[in-house]
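# Examining the three-dimensional arrangement
What follows is each chain in one-letter form.
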Amino acid sequence: MENVKVIIWGLGAMGSGMADLLLKKKGVDIVGAAGRGAKIGKSMYDYMATERGDRPDVIIGEPADVIKEGAADVVLCCTDSFTKEAFERLKFVLEQKINVVSCAEEMAYPKAQSPEEAKKLDEIAKANGVSILGTGINPGLIMDLLVVIMTGCCAEVEHIVSRRVNSLSPFGPAVMKEQGIGISKEEFLDGVKTGKLSGHVGFHESINMIADAIGWKVDKVTQSMEPIMTDVERVAPYKTATPGQTAGCAMKGFGYIDGELKIEMDHPQQIEPEQVGVQTGDYVIIKGTPNVNMINSPEVPGGIGTIAMCVNMIPHVINARPGLWTMIDLPVPRAIMGDMRDLICPDAKIVK
């Protein structure tokens, strides 16, 4: 069997990290990279931690020149956060009859807020004989799939709290902008009011994923968003916050079932939290039979976590029947320590 062929669309913090990880894996080749602007015509290795060495060069090209039918088994799409914004790009890849893994947050459970787009993507994928999945560390694993897994030991579930206290430092400029990092409190509050700041993207997706998985029907999802200010300078790779500016965003999400608050999301996140003594961590708290109190501290780092999730789900997406899938549909994620080709089913949709 030939190596699994991968194209990466978007060489920002996440895309370049996925490229670095793929180069460490057996049985997989990066056969193309798509980008825009000043990156076009440059080497993929210019945006990676890994040196090219004696590897064949991969030149970043326009998407239409790189992503063509038969060119790859899967495209890792690292360009957007929102389903509606990602839709045309994802549609384009699917129409080239190539599988897709997207790290757009809303794509983790797109029917939660974009049911029409989700339906269309499912139809396009099926028509072209390929599969598409949205995943990442959160949403995708920590605040939703992990919660679902932990309900598996419960005979009854009454109430769920998913809490993630994490660092934003590994993420790129797009996430920093969405979170409102490095601006004044007044700018932050105005951004929340006008909708210019999205903060964490994914509460609707996580809440609906959990509810659908265990048989609850969500009536309503609400959320709140407050600034985390800093009194010391914090320097992250992609953004700096000086004293008096926002270093993070504290968000909460609330899912109502039959008019009752059943699912709570608690998600304060900021750059360089350790500088001010904040202990990160991931928590699943289930009131039920039995109760569950799962604690992982410090947090699973968001950057490498998202990178690994997207890479590790490649075989499952290739093996899946055509259509749009979520993390509660496919086999559970696991690290790939052997040859990726060994995880591909013989009758899967491998490009020859």
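One can find the structure itself at the top, above this paragraph.
The structure reproduced in this document is the subject of the present report. Quick caveat: nothing in here was measured; it's all calculated off a predicted structure. (Residues numbered from 1 in each chain as written. Predicted model: local features only at pLDDT ≥ 70, side-chain atom pairs only at ≥ 80, totals over all residues. Heavy atoms only, no water.)

## Thoughts on the state of the cysteines
Counted only if it meets this: Whenever a pair of cysteine sulfur atoms sits within 2.5 Å, that pair is classed as a disulfide. Accessibility here uses a 1.4 Å probe with only protein chains present; expressed as a share of the type maximum, an area under 20% marks a residue as buried, one over 50% as exposed, and anything in between as partly exposed.
Summed over all chains, the structure comprises zero disulfides. The thiol of Cys 77 is not disulfide-bonded; the next cysteine sulfur, from Cys 78, is found 6.8 Å away. Residue Cys 249 stays outside any disulfide, its sulfur separated by 19 Å from that of Cys 103, the closest cysteine. Its relative accessible area of 0% is what places Cys 249 among the buried residues.

## Comments concerning the sheet that holds strand β2 (residues 28-34)
Here is the rule: Note on pairing: DSSP must find at least two bridges between two strands before they are called paired. Going along the chain from the N terminus, every DSSP run of H or I of four or more residues is numbered as a helix, and every run of E of two or more is numbered as a strand. The contact rule is simple, with two residues in contact once any of their heavy atoms fall within 4.5 Å. To get an axis, a line is fitted to the C-alpha atoms, and for a helix only the part in contact is used. The angle between two axes follows their N-to-C directions and goes from 0 to 180 degrees.
Read from one edge to the other, the open sheet built from seven strands follows the order β3-β2-β1-β4-β5-β6-β15, with strand pairing classed as parallel. Each having just a single partner strand, β3 (60-61) and β15 (323-325) make up the two edges of the open sheet. As defined by bridge partners, strand β5 (residues 99-102) adjoins strand β6 (residues 131-134) across three bridges and the pair is classed as parallel. Following the sheet pairing, Val 100 is matched in β6 by Ile 132. The strands that helix α4 (residues 115-127) touches are β6 and β15; relative to β15, the one it contacts most, it runs at about 130°.

## Considering the nonpolar core
Defined as follows: What we call a nonpolar core is a set of buried Ala, Val, Leu, Ile, Met, Phe, Trp, Tyr and Cys residues that are connected through their side-chain atoms within 4.5 Å.
In this structure, Val 6, Met 18, Leu 22, Met 44, Leu 76 and Ile 314 are the most contacted members of the largest nonpolar core, which totals 50 residues. Elements represented by at least two residues in this core include exactly β1 (4-9), α1 (13-22), β2, β4 (74-77), α6 (173-179), α9 (302-312) and α10 (314-319). With six residues, α1 is the single largest residue contributor to this core. Once residues lying within four places of it in the same chain are set aside, the contact partners of Ile 314 are Val 4, Val 6, Leu 22, Val 74, Leu 76 and Met 340. Among the nonpolar cores identified, the runner-up in size contains 28 residues, and Leu 197, Ile 210, Cys 249 and Met 265 belong to it.

## Here we look at the side chain of His 200
Take His 200: it is sitting in the loop between α7 (185-194) and α8 (203-214). You can call His 200 buried: its relative accessible area is 6%. Setting aside anything within four residues of it in sequence, one finds His 200 in contact with Asn 138, Pro 139, Gln 179, Met 251, His 267 and Gln 269.

## Here's the deal with the pattern of salt bridges
We count it as follows: Salt bridge, as used here, is a side-chain nitrogen of Lys or Arg placed within 4 Å of a carboxyl oxygen of Asp or Glu.
Scanning the entire structure with this criterion turns up 14 salt bridges. A salt bridge links Glu 158 to Lys 287; its shortest N-O distance comes to 3.9 Å. With Glu 158 in strand β7 (residues 156-167) and Lys 287 in strand β13 (residues 281-289), this residue pair connects regions lying 129 residues apart in the sequence. Glu 158 sits in the partly exposed class, given a relative accessible area of 38%. Here Arg 164 makes a salt bridge to Glu 299, at a shortest N to O gap of 3.1 Å. Within this pair, whereas Arg 164 is found in strand β7, its partner Glu 299 is found in the loop between β14 (292-296) and α9, the two being separated by 135 residues in sequence. Comparing Arg 164 with Glu 299, the two get one shared label, buried.

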